[in-house]
Amino acid sequence: MKQFFKTVFASTLGVLVALGIVTMGSIFFIIGVAASADGSSEYKPDKNTVFKLSLDGVLVDQAVKNPFSELMGESSNQMAVSDVIKAIRRAKANDIKGIYLEAGSLSTGFAGIEAIRRELEDFKDSGKFIVSYGDYYTQGAYYLCSVADSVFLNPQGSVSLVGLASQGLFFTGLAEKIGVEHYIFKVGTYKSAVEPFFLKKFSDANREQLTSFLGSVWGNLTTAIEKSRNISSDELDRYLNEGLAMGQASNAVDYKLADGLRYRYEVENCVKEMAGQDVKGKLKTAGVDKVASIKVKEKDSGNKIAVLYAEGEIRDDDSSSPFSADEQVISEEMANKLRKLKDDDDVKAVVFRVNS
């Protein structure tokens, strides 16, 4: 009997060890495939290819490339601002006929959109076309797409320009009900971080600064749209104030926010014609990753400007899960990276981009 248990134990241990080896081998294989895919080779576009920029997902300063997310069945629907800008510049300098913007559910702040919009405006100086289509334009996506030569909208869609707003969550009433008392030490009239713990609404100072901030952002957005679409501020104000974004899709055409109502296949046929492609064939496009990988000849003087990205929550250490698809943190590791750049004689300056 003793020998029997020894045999069973040895067999079980062998099976567990084998499973561990297979699992680790699979993980390293996936990591290797992901790494090789990340270091993709040079892409050479076919004749009359169009750069298709799908405005869908989360726009971040630097995308997370985590092979474990694929293993866990997760998808990181992130798009890096730097990658998009690089792709637009490559498209301008190489044999790409134009850009096809496809509006989707884009989640981002206005800083990233503004950077991409400037690159699209610069792209137009090459004489190449930009065409935009959307089943539905969110406010941020439309601001970006309004730079296009032609903006098309689904006949059942809308251009959702509704303005900007800010709302807060206040805990004072809850604290009173459960008998919690906060002791607040506050310095500065416009320091509003602690207001949710002792007020039940925005203070006058906080309301003033929020109104100023949102008004500035909204003014830049509407001014850019008016210029790109060649419409007056009165026309845009009427579209906004009368809530026409909630009405028929034809309202966007009537107020020159869109050039026409088209279905996706109709817009794609238009893009094919503009690019010199066969209208009866499939639209030949290349995405951000492929276009950004097009090689260009650059002179290396040895003098470099490094760009260091700091994105996510600030923590003492990097305690993020390796299986998380899109979690990013700013930890003390950032200090180590700065020290390495300081000691690199070829790096003459550092641009430190913070999104926290």
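In case you missed it, the structure is sitting above this.
Residues numbered from 1 in each chain as written. Predicted model: local features only at pLDDT ≥ 70, side-chain atom pairs only at ≥ 80, totals over all residues. Heavy atoms only, no water.

Would you mind showing me how to read the overall build of the protein chain here?
For the protein chain, the helix and strand inventory stands at twelve helices and eleven strands. Classification of the 356 residues of the protein chain by burial places 36% in the buried group. For the protein chain, the proportion of contacts with a sequence separation of at least 24, taken over those separated by at least 6, is 71%. Looking at the protein chain as shown, the accessible area adds up to about 21700 Å², and 53% of this sits on carbon and sulfur atoms. (Helix = DSSP H or I, 4+ residues; strand = E, 2+ residues; numbered from the N terminus. Buried < 20%, exposed > 50% of the residue type's maximum accessible area, 1.4 Å probe, protein only. Contact = heavy atoms within 4.5 Å. Areas by Shrake-Rupley, 256 points an atom, 1.4 Å probe, with all protein chains shown as cover.)

Help me understand the pairing of strand β1 (residues 50-60) in this model?
In the case of a regular strand, side chains alternate between the two sheet surfaces. Of the strand pairs in this sheet, β1 and strand β7 (residues 285-286) are connected by two bridges, and their pairing is parallel. If you follow Val50 over to β7, its bridge partner there is Thr285. Relative to strand β3 (residues 98-107), β1 runs parallel, the two sharing seven bridges. Looking at β3, one finds that Val58 is bridged to Ser107. (Pairing = 2+ DSSP bridges.)

Hey, could you run me through helix α10 (residues 264-275) in this one?
Helix length check: α10, at twelve residues, gives a terminal C-alpha distance of 16 Å against a target of 16 Å (1.5 Å per residue), a fit within 8%. Buried within α10 are the following residues: Val267, Val271, Lys272 and Ala275. In an axial view of α10, the angular spread of the buried residues amounts to 145°, which keeps them on one side of the axis. When the buried face of α10 is taken as reference, the exposed residues oriented beyond 90 degrees from it are Tyr265 and Glu273. Lining the buried residues of α10 we find β1, β3, β4 (129-134) and β5 (150-153). One or two steps after α10, the chain reaches Gly276, where phi turns positive at roughly 80°. (Expected span 1.5 Å × (residues − 1). Arc of directions from axis to C-beta.)

Looking at this structure, I do not really get the nonpolar core. What am I missing?
Core analysis: the largest hydrophobic core is formed by 55 residues, its most contacted members being Phe51, Ile116, Leu120, Val159, Leu161, Tyr239 and Leu257. Looking at this core element by element, the count peaks at six residues for helix α3 (residues 81-93). When residues no more than four places from it in sequence are discounted, the contact partners of Tyr239 are Val159, Leu161, Leu244, Ala245, Asn251, Ala252, Tyr255 and Leu257. Grouped together as the second largest cluster of nonpolar side chains are ten residues, Tyr100, Phe129, Val267 and Ala275 included. (Core = buried A, V, L, I, M, F, W, Y, C linked by side-chain atoms within 4.5 Å.)

Hey, could you run me through the side chain of Asn48 in this one?
Position of Asn48 among the secondary structure elements: in the loop between α1 (2-38) and β1. Dropping the residues within four chain positions of it, Asn48 is found in contact with Lys97, Ala275, Gly276, Gln277 and Lys284.

What am I meant to see in the packing of aromatic side chains here?
Two numbers describe a pair of aromatic rings. These are the distance of the centres and the angle of the planes. Counted by the stated rule, this structure contains five aromatic pairs. Between the aromatic rings of Tyr137 and Tyr142, the centroid separation amounts to 5.7 Å while the plane-to-plane angle is 85°, which identifies the pairing as edge-to-face. Look at Tyr137 and you get buried, because its relative accessible area is 0%. A residue is classified by how much of its surface remains accessible, and Tyr142, at 0% relative accessible area, is buried. (Phe/Tyr/Trp six-rings, centres within 6.5 Å; stacked < 30°, edge-to-face > 60°.)

Sorry if this is basic, but what is going on with the pattern of salt bridges here?
Close approach of charged atoms allows side chains of opposite charge to pair. Taken as a whole and assessed by the stated rule, the structure comprises twelve salt bridges. A single salt-bridge network, built from bridges that share partners, covers Lys52, Glu102, Asp135 and Arg264. (Salt bridge = Lys/Arg side-chain N within 4 Å of Asp/Glu carboxyl O.)

I'm lost on the environment of Ser192 in this one. Help?
With respect to the helices and strands, Ser192 occurs in the loop between α6 (172-178) and α7 (204-229). Among the residues examined, Ser192 registers a relative accessible area of 22% and is labelled partly exposed. A C-alpha to C-alpha distance of 8.5 Å links Ser192 and Ala205, two positions 13 residues apart in sequence. Among residues more than four places away in sequence, those in contact with Ser192 are Asn206 and Gln209.

Explain unusual backbone geometry here, please?
Among all residues except glycine, the phi angle is most often negative; among peptide bonds, the trans geometry is most common. Positioned with a positive phi, Asn230 is a non-glycine residue whose angle comes to about 55°. Structurally, Asn230 can be placed in the loop between α7 and α8 (233-241). Positive phi, normally seen in glycine, also occurs at Lys256, with a value near 65°. Relative to the elements of secondary structure, Lys256 occurs in the loop between α9 (250-254) and β6 (260-261). Relative accessible area serves as the criterion here: at 40%, Lys256 is assigned to the partly exposed category.

Would you explain the side chain of Ser158 in this entry?
Inspection of the secondary structure assignment puts Ser158 in the loop between β5 and α6. We classify Ser158 as buried; its relative accessible area is 14%. Residues in contact with Ser158, not counting those within four places in the same chain, are Asp135, Tyr136, Tyr137, Leu153 and Ala245.

What's the story with α7 in this structure? I'm lost.
What sets the pattern is the α-helix's 3.6 residues per turn: residues three or four places apart point alike. Relative to the 38 Å expected for 26 residues at 1.5 Å per residue, α7 spans 37 Å between its end C-alpha atoms, a close match to the ideal helical length. Among the residues of α7, those classed as buried are Ala205, Asn206, Leu214, Val217, Trp218, Leu221, Thr222, Ala224, Ile225, Glu226 and Arg229. Close packing links the buried residues of α7 with α4 (110-123), α5 (139-145), β5 and α8. Asn230 sits one or two positions beyond α7 and adopts a positive phi of about 55°.

Keep in mind these values describe shape, not function.
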